[in-house]
Amino acid sequence: MNLPLPSIFVLLIFPGGLFLIASGLIYQWADRKLVARFQNRIGPRFIQPLADTLKLLAKEEITPVGVHKGLFFALPVIALAAALTAGLYVPLFGFQPAASFRGDLIIALYALSVLTLAMGLAGANTTSRFSLVGATRTLTQLFSYEAPFLLSLLGPAIAAGTWQISEIHTYAHQNLWLMIAQPIGFVVAMIGLMGKLELPPFDAPEAETEIVAGAMTEYSGRGFALFRLGKDVELVIGLTLVSAFYLGGLANPLEFMLKTLALLLVLALLQTAFARLRIDQTVGLWWRAGALLAVVQLIAIVLGRNLGSIF
Amino acid sequence: MSVGPMISDLLRSLFKQPATELYPFVKTPAPIRLRGKLMWDPTNCTGCQLCVKDCPANAIELIVIDKANKRFIMNYHADHCIYCAQCVVSCRFNCLRLSNEDWELAAAQKQPFVMYYGKEEDIALFMEQAAKAGAEQA
Amino acid sequence: MTADTNKFVIPIGPQHPALKEPANFEFWVDGEIVTGASVRLGYVHRGIEKGAEVRTWTQNLYLMERICGICSHVHATAYTLGVEKLAGVEVPPRANAIRQLMAELERIHSHMLWLGVAAHEGGFDTLFMYSWRDRETVMDLLEKISGNKVHYSANLLGGVKFDITPELATEVHKGLDFLEERNRFYLKVVTTDETFIGRTRDIGTMTTEKAEFLGAIGPTARASGVARDIRVDAPYLTYEQFPVKVMTHTSGDLHGRFIVRIHETFESIRVIREILDHMPQGDLTTRVPRRIPAGEAVSRVEAPRGELLYFIASNGSEKPERVKVRTPSLCNWSTVLSLAIGLKLADMPMLLSGIDPCFSCNDRSISLKRGQQGAQVWSWEKLRQYGIEYYR
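Computed from a predicted model, the values in this text were never measured in an experiment.

A. Structural view of the interface of chain A and chain B. Of the residues lining the interface, 10 residues belong to chain A; the matching set on chain B comes to 13 residues. Taking both partners together, chain A and chain B bury about 1100 Å²; carbon and sulfur atoms supply 72% of that area. Along the contact surface separating chain A from chain B lie 2 residue pairs in polar contact (both at pLDDT 80 or more). Of all the elements, helix α12 (residues 253-273) of chain A adds the most residues to the side of chain A that touches chain B, at 4 residues.

B. Quick look at the pairing of strand β3 (residues 71-77) of chain B. Residues and elements named next belong to chain B. Most of β3 sits out of view: 6 of its 7 residues are buried. Counting the residues in the hairpin turn of strand β2 (residues 60-66) and β3 gives 4 residues, including K70, whose phi is positive at 55°. Note: β3 against strand β5 (residues 114-117), 4 bridges, orientation antiparallel. Bridged to Y76 within β5 is M115.

C. Here's a closer look at the sheet that holds β5(B). All names here are of chain B. Within the open sheet, the 3 strands sit side by side as β2-β3-β5. Their pairing is antiparallel. Edge positions in the open sheet fall to β2 and β5, since each of these has one partner strand only. Adjacent strand axes in the sheet meet at a mean angle of 20° when their direction is disregarded. Contacting β2, β3 and β5, helix α4 (residues 120-137) runs over the sheet at an angle of about 75° to β3.

D. Local environment of the state of the cysteines. Going through the model one piece at a time under the given rule, you end up with 0 disulfides over all chains. Of all cysteine sulfurs, the one in C95(B) lies closest to C45(B), which takes part in no disulfide; the gap is 5.1 Å. You can see C71(C) has no disulfide; the closest cysteine sulfur is in C68(C), sitting 3.1 Å from it.

Quick notes on the rules
- Residues numbered from 1 in each chain as written.
- Chains lettered and ligands numbered in written order.
- Predicted model: local features only at pLDDT ≥ 70, side-chain atom pairs only at ≥ 80, totals over all residues.
- Heavy atoms only, no water.
- Contact = heavy atoms within 4.5 Å.
- Buried area = accessible area lost by both parts, 1.4 Å probe.
- Polar contact = N/O pair within 3.5 Å; in protein donor to acceptor, adjacent residues only side chain to side chain.
- Helix = DSSP H or I, 4+ residues; strand = E, 2+ residues; numbered from the N terminus.
- Buried < 20%, exposed > 50% of the residue type's maximum accessible area, 1.4 Å probe, protein only.
- Pairing = 2+ DSSP bridges.
- Axes fitted to C-alpha atoms, helices over the stretch in contact; angles between N-to-C directions.
- Disulfide = S-S within 2.5 Å.

Structure representation (structure tokens):
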């Protein structure tokens, strides 16, 4: 579906901006509720993420001693801004991407990485031990899952023959679901999404029982709220990308909801089923199994295209 | 070596009721032996004060109105009490028991925690005397 | 442990999400590898030993119970065993059997609690939620028998307060069947889940010699093959009539400690079933005088964490002269400090919880004699003032 709206409106209100933030809160609620139900608990009520955000915005923000004040205030804003920018290029809520040009797959993924980078820098900025260890782990994890995740999103790009998200989306919509045609790539993409979003078992960067809250330990009040909103937006955009490429495209809002929630259900199940991996185990897993599987999938795709053109 | 042996349990939990009890909207009845609030029956009390001596938390105070006629009042501090039931065992005449119905004892002030047990007329007499003593002091 | 100023110190505690009670651990790290460790305890010191000197023997029973919430019954049992030894009374066998039954139920409760907490430290929140949900079953059983979920107050000087009726016995059997089935499932999870094994295997490996050298006790030592268990070495209560088998494991690492504790849970379930089926008949209490004759007694029991030791000295009056408590967690700290070196920072919380620490149990205060000073005896007020000044 196509929405001919002025781009400033898209960026600020709908379907990006405020609407995207609101849907981020809804998806955070869905994720927490599903995880709770898997653990045989009740889980939060619907209004809980909004209540959390409002409470955080109302709290006093404590600036720790020894930080660079400008960076301390700017990094959460940069993080949220980058996440919202990435929303311009993906088919949010089943509508065509608001802005589209050749190579915007790279731009969208880069914007999401800026979010993680901002969090890592925020941790390195403060002098607290826990933040420093958390920042190290965040950046280490960024370097480890980025390559396989990108390769797994490259699979559909090669199949569609383009780097433009809207065109890959059209290709996915018109052909057999890429989940079936490229199963290995789908698995790598899904697990890569968990690494990107720092969901358990890949939540070593913010391991609560080891380093309190990792890179975000010293943040409170507004800064913390903005970081959390950035992560929620990243959740929505990540789900949109993976389901748009692998689950046959998102033609309208109803399909968007069904497909992304189905993917979220599987992610919630995987979140609850495993213990947390140590950071060195995460890196080992990604650089061995993850990269290997992604490369295998790419070779399969390239062979398939060339052999197909022979026949 | 398997990956995710808990998955079958997790999937089943999705379709079961959560294990959380929605207290206070749902209240399951307490077991019979629950050690709740202390209850005193002054009928058989001889004033031996063994319960007072044995209490680890100094929660019981026995006020003597008339020792010869066995008229006593018990001042019970529910906030000091640790609900151990030592007094129940110490009393040789079975005057004390811990209730299993009265256990929701939270209050916002100290006043509800100070309780007086005894016969109606004894308590009335005691209150009169305390009021008179307070008026004399003031 | 000298501090190299180029290295980094990560403080775990006194306030930290990994600890359930305050203590101060300092780990010198180089990147993620730990190069040194030190510990400071004493944040939960409450002056219980001093408080015991101003209370009567009966009142002390409940004070000792509240040293710890998870092992409260064994503290009270150790105290009453010591007092009964001093008074020279023989407790009826039915009372001892009921005490043993409560102690084994408490052991099941403690091990399931520990399983959840250790899983939570490793990031496995699901196992934490599930094992604590199933722990509610054993807590309900304890509530039905004793009237309270924590601090059962089962002991009296000279016996127990309540009896096990046949209806209760049936309920306990039903609960035990459920617990056994769930614990078999948790054993399967702990031994087969790849992510969990990756977090626990070969972490904190302690050979048998090292365990004996460091003085480790309880399941921590039994996981390294040290077959020491007070219930078997020096049987008390009715452990001669209803014996338990000592559960050991050879691997000596964190994984072994999980396995040892779950096996101990099975053993406890088996012993409880045996006690219920062959409960000796008789009275519940025997008379103990108010003034305990002068003397000294030592009583040792097997708490869920290891050997618990009480030294009780009486001077013939209504109040004890001295009650000294040595709790098991105190012996296991040195294992953490020496095993931490060389491991990664992420393993520290799991290593800490692997010894099943109970900080409230082990805070005692010892005053060292320096030079020519004679022994000092402090009053309660002086101890209290010292504690306040110490943290200013």
